[in-house]
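# Structure assessment
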Amino acid sequence: MSPLAHIEALLPRYQGVIRREEPMARHTAFKVGGACDLYLAPESLDDLCMAVATLSREGIPLIVVGGGSNLLVKDGGIEGAVITLAGLDTTLDEEVAGETVFLTVPAGIKTQRLGRFAAQKGYAGLNFTTGIPGTLGGALAMNAGTTPVAFEGILDALTVVDRSGEIHTVSRHALTLSYRHLTIGGKDRHDEAFPIIVSARLRLTRGTREALMTERKRLLKKRTQSQPVHLPSAGCFFKNPPQGPSAGKLIDDLGLKGETHGRAQVSPLHANYLVNTGGATAADIIALATRVKERVKRRHGIQLDEEVTLVGKEA
Ligand SMILES: Cc1cc2nc3c(=O)[nH]c(=O)nc-3n(C[C@H](O)[C@H](O)[C@H](O)COP(=O)(O)OP(=O)(O)OC[C@H]3O[C@@H](n4cnc5c(N)ncnc54)[C@H](O)[C@@H]3O)c2cc1C
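Okay, so let's go over this structure.

Parameters and conventions
Residues numbered from 1 in each chain as written. Predicted model: local features only at pLDDT ≥ 70, side-chain atom pairs only at ≥ 80, totals over all residues. Heavy atoms only, no water. Near = heavy atom within 4 Å. Polar contact = N/O pair within 3.5 Å; in protein donor to acceptor, adjacent residues only side chain to side chain. Areas by Shrake-Rupley, 256 points an atom, 1.4 Å probe, with all protein chains shown as cover. Helix = DSSP H or I, 4+ residues; strand = E, 2+ residues; numbered from the N terminus. 1 Å grid on protein atoms, 1.4 Å probe; cavity = no way out; pocket = protein on both sides within 12 Å on 5 of 7 lines; lining within 4 Å. Points joined across faces, edges and corners; volume = space filled by probe spheres on them. Nonpolar A, V, L, I, M, F, W, Y, C, P; charged D, E, K, R; others polar. Domains from an automatic or database assignment. Core = buried A, V, L, I, M, F, W, Y, C linked by side-chain atoms within 4.5 Å. Buried < 20%, exposed > 50% of the residue type's maximum accessible area, 1.4 Å probe, protein only. Expected span 1.5 Å × (residues − 1). Arc of directions from axis to C-beta. Contact = heavy atoms within 4.5 Å. Pairing = 2+ DSSP bridges.

### Side note on the site of the ligand
- Taken together, 34 residues lie near the ligand, and Val-64, Gly-66, Ser-69, Thr-135 and Arg-223 sit nearest.
- Within the backbone of Asn-70, one N or O atom sits 2.7 Å away from an oxygen atom of the ligand.
- A distance of 2.7 Å separates a nitrogen atom of the ligand from a polar backbone atom of Gly-145.
- A total of 960 Å² of accessible area belongs to the ligand in isolation, and the protein chains cover 95% of it.
- Elements represented by at least two residues in the shell around the ligand include exactly β3 (62-65), α4 (136-142), β9 (145-146) and β15 (196-206).

### Things to note about the layout of surface pockets
- Computed from the structure, the second largest pocket encloses a volume of approximately 160 Å³.
- If you trace the second largest pocket, you find it lined by Glu-43, Ser-44, Leu-45, Leu-85, Leu-88, Asp-89, Thr-90, Pro-106, Ala-107, Gly-108, Val-198 and Ser-199.
- For the lining of the second largest pocket, the residue count by class is six nonpolar, four polar and two charged.
- A domain split of the lining of the second largest pocket shows at least three residues from each of domain 1 (7-84) and domain 2 (93-226).

### A short note on the nonpolar core
- Counting 53 residues, the largest nonpolar core has Leu-48, Leu-114, Phe-151, Leu-158, Ile-184, Ile-197 and Leu-202 as its most contacted members.
- Here the element with the most residues in this core is β15; it accounts for six residues.
- In this structure, this core is formed jointly by two domains, domain 1 (7-84) and domain 2 (93-226), each of which donates at least three residues.
- Counting residues in each nonpolar core, the second largest holds 24 residues, with Ala-234, Leu-254, Leu-256 and Leu-274 among its members.

### Quick look at helix α7 (residues 282-300)
- The end-to-end C-alpha distance of α7 is 26 Å, a good match for the 27 Å that 19 residues give at a rise of 1.5 Å each.
- Along α7, the residues classified as buried are Ala-282, Asp-284, Ile-285, Leu-288, Ala-289, Val-292, Lys-293 and Val-296. Viewed end-on, α7 has its buried residues packed into an arc of 165°, placing them on one side of the element.
- Following α7 by one or two positions, Gly-301 adopts a phi angle in the positive range, close to 70°.

### Here we look at the environment of Asn-143
- Secondary-structure assignment places Asn-143 in the loop between α4 and β9.
- Separated by 34 residues in the primary sequence, Asn-143 and Leu-177 have C-alpha atoms spaced 6.7 Å apart.
- Residues in contact with Asn-143, not counting those within four places in the same chain, are Ala-150, Phe-151, Glu-152, Leu-177, Ser-178, Tyr-179, Arg-180 and His-181.
- Here the side chain of Asn-143 touches Phe-151 through a polar contact of 3.1 Å, landing on its backbone nitrogen.

### Here's the deal with the sheet that holds strand β16 (residues 260-261)
- Spatial ordering of the open sheet is given by β16-β17-β18, a layout of three strands whose pairing is antiparallel. Each edge of the open sheet carries a strand with a single partner, namely β16 and β18 (274-276).
- Sheet analysis places strand β17 (residues 264-266) next to β18, joined by three bridges and oriented antiparallel. Pairing of Gln-265 across the sheet is with Val-275, part of β18.

Shown next as structure tokens:
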């Protein structure tokens, strides 16, 4: 019998949520994606470590999902387990040392909540996250940011759970961070042995509450004017190429704004956003992305790479 069928028996002390055949469209900002075999929301760090160790021992593949705001799950769903940290404690720990503030933050916290908390306390360094959806764990795995700033500028250390369920602290010098990329022990988010980030220590500085809150308002307004924030998407679909114009400019120059495949569309507002106009499938989005890539390659000779993380299997 598959270990998936009797997972409850394999996890007798586990307290968290276990669901089967959970539609991933419920857990992704694109609102597409088939079901995963198993959906786990541990209630504590012990629960998480137990679940991860058991899944590994039983050979059940595991993907961590934060806010799903950078994930494109294919229509055939995910074989194996999906784990979310949404059920874990989200208490922050503050340590002020002169002008420096160290925040130790659980990875399941919403990035927006963290940014707002820091600004309200007058801690500077997180305003670049204003308007970035999802959780801190996903933001760290992606080294999320807004050019030219990203998490690499404020990250001091990570606490992770490895795939055998052991907890480790990893200091900044053992991490490699670059544009939308983090490696821990040489592994990145595409690697099935990528550790699960459970908390991060961030290095901020003392600032002024009023100035930080005003800047947040300005940044949010700018976003709503220039990005299709009211339609399901995963933010910028492609990474900006290392040299030359941004992906958005390359796509816009080809007149592709408004281009569709099924119910997927290149946003008329921002050419690097592919949006779900209602009822799109992952296959629609992938087909549209493929067409965009081909056109950019043909016209500009530039190969666009996805910023979005693609997971799962075809329907
Ligand atoms: C409207 C909109 C605007 C956006 N704007 C920006 C922007 O300005 N800048 C930017 O960088 N991004 C942006 N994004 C993309 C996305 O919001 C960020 O990448 C975000 O930080 C991802 O966080 P998440 O929790 O949703 O990650 P998810 O989408 O859930 O996961 C992303 C990747 O991280 C991994 N992961 C998630 N949590 C963990 C964990 N705890 N441990 C290990 N791995 C983990 C997942 O397995 C996956 O590989 C935008 C998206 C949308 C929809």
